Amino acid sequence: ATTNTITVTWSTTGAKTVTVNYTNGSGCTAVAPASYAVTVNALPTPTITGLNAVCAATTGVTYTTQTGMTGYTWTISAGGTITAGAGTNAITVTWNTVGAQSVSVNYTNASGCTAATAVSYPVTVNARPTPTITGPATACAASTTNVYTTQAGMTGYTWTVSAGGTITAGSTTNAITVTWNTAGAQTVSVNYTNASGCNATTAASYAVTVNALPTPTIAGPASVCLLSTGNVYSTQAGMTGYTWTVSAGGTITAGAGTNAITVTWNTVGAKTITVNYTNANGCAATTPASYAVTVNAGASPTITGTTSLCVNSGFYNYTTEPGMTAYVWTVSAGGTITFGAGTNQIQVTWNTAGAQTVSVNYTPSTGCPAAAPTVLP
């Protein structure tokens, strides 16, 4: 203060002056001190605008301050990275770390002044959710009640299923119902927005194996005779939950619950047998296999020929329907078949007086002989 040089701190803005006087070597002092005008300019007050709450791993977040300045100096806390704009009035930031973060800036204004301290802007970086999915990891093709769930209490639920499935309910909630239409590897995925307004960067994906339905087949006699027993019908072995049905003309006599049943057919006509089962993957056919059976009536042979004659009076012909097989003729002890056994016409000699009989049976094209031979008295 008593030298030819002073150092000054200017505390307020506006027009200021510095004055000085001194005594020269001749012992003289200026009549009036010298006066020097100084303009004290205000310091800038930077401001920052931009998102103050973001989700972790968010890119392209912009923060701006006043334009038209120089010497922009941006800094951000360790949880973020400036990806563009350093040295300008607007930067782009990627936030990498959850928690309390900050952005700060300083610059030089047109008066050449810089804020005494950079302005700091608080940013909260929120964690992204990690959706999980629960539900059946294996299912049967054409199954309709497959429920998949994720965390409750969120918003913006977005579910997708792979091409082999259809969402039938709940697509905007935390639980969906899916019908799986196609066998093979399938997926269910979901994303949502949590209470902080963040969603997962990648939707959660859940693997589902959709197993093919079995195709039961039935083997056994397709054409049978009325009242025939011991007709065995079978399907694939090694399964569970075998369920057999027969139409009203038949009775299962053995094997229910196994892969082979025995049936007695009691009435003639078109009949059916059905079966379903559960395979090793826990899947059953949507519709039981059906097998057509024709139950044929037994033959009804008729006999024509002489029914009253004299003993030892010659040869007599007895005839039944032609075109059959396995003709079986019998005559009572008083007669002898002399010709035609095994055909539809025999020749008989009657040797003994009294009541005698001729009987016949045969197998028609259906393969069903009469239950008992026809007898001609």
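Draft legend 1. Fine view of the overall build of the protein. Along the backbone of the protein there are zero helices and 30 strands. In summary, the protein has a C-alpha radius of gyration of 53 Å against a globular reference of 21 Å for 377 residues, an excess of more than 25%. On the principal axes, the C-alpha backbone points of the protein span a range of 195 × 30 × 25 Å. A total of 377 residues make up the protein; the buried ones form 33% of that total. Counted over contacts in the protein with a minimum sequence separation of 6, partners at least 24 positions apart contribute 54%.

Draft legend 2. Layout of a nonpolar patch on the surface. Residues Ile6, Val8 and Trp10 make up a contiguous nonpolar surface patch of roughly 260 Å² in combined accessible area. If you trace the backbone, Trp10 turns up in the segment before strand E1 (14-20). Owing to a relative accessible area of 36%, Trp10 belongs among the partly exposed residues under this scheme.

Draft legend 3. A look at the pairing of strand E6 (residues 80-84). With four bridges joining them, E6 and strand E7 (residues 90-95) adopt antiparallel strand pairing. Counterpart to Thr81 in the pairing with E7 is Thr94. The antiparallel hairpin formed by E6 and E7 contains five residues in its connecting segment, where Gly85 sits at a positive phi of about 90°.

Draft legend 4. Layout of the sheet that holds strand E12 (residues 155-161). Strand order in the open sheet formed by four strands is E10-E16-E15-E12, and the pairing between neighbours is mixed. Looking at strand neighbours, the two that pair on one side only are strand E10 (138-140) and E12, the edges of this open sheet. The sheet shows a mean angle of 25° between the axes of neighbouring strands, direction not considered. Across seven bridges, the pairing between strand E15 (residues 184-193) and strand E16 (residues 204-211) is antiparallel.

Cut-off values and rules
- Residues numbered from 1 in each chain as written.
- Predicted model: local features only at pLDDT ≥ 70, side-chain atom pairs only at ≥ 80, totals over all residues.
- Heavy atoms only, no water.
- Helix = DSSP H or I, 4+ residues; strand = E, 2+ residues; numbered from the N terminus.
- Rg over C-alpha atoms; globule rule 2.2 N^0.38 Å.
- Buried < 20%, exposed > 50% of the residue type's maximum accessible area, 1.4 Å probe, protein only.
- Contact = heavy atoms within 4.5 Å.
- Patch = residues over 30% accessible without salt bridge, like charges linked within 9 Å, V, L, I, M, F, W, Y side chains within 5 Å.
- Areas by Shrake-Rupley, 256 points an atom, 1.4 Å probe, with all protein chains shown as cover.
- Salt bridge = Lys/Arg side-chain N within 4 Å of Asp/Glu carboxyl O.
- Pairing = 2+ DSSP bridges.
- Axes fitted to C-alpha atoms, helices over the stretch in contact; angles between N-to-C directions.

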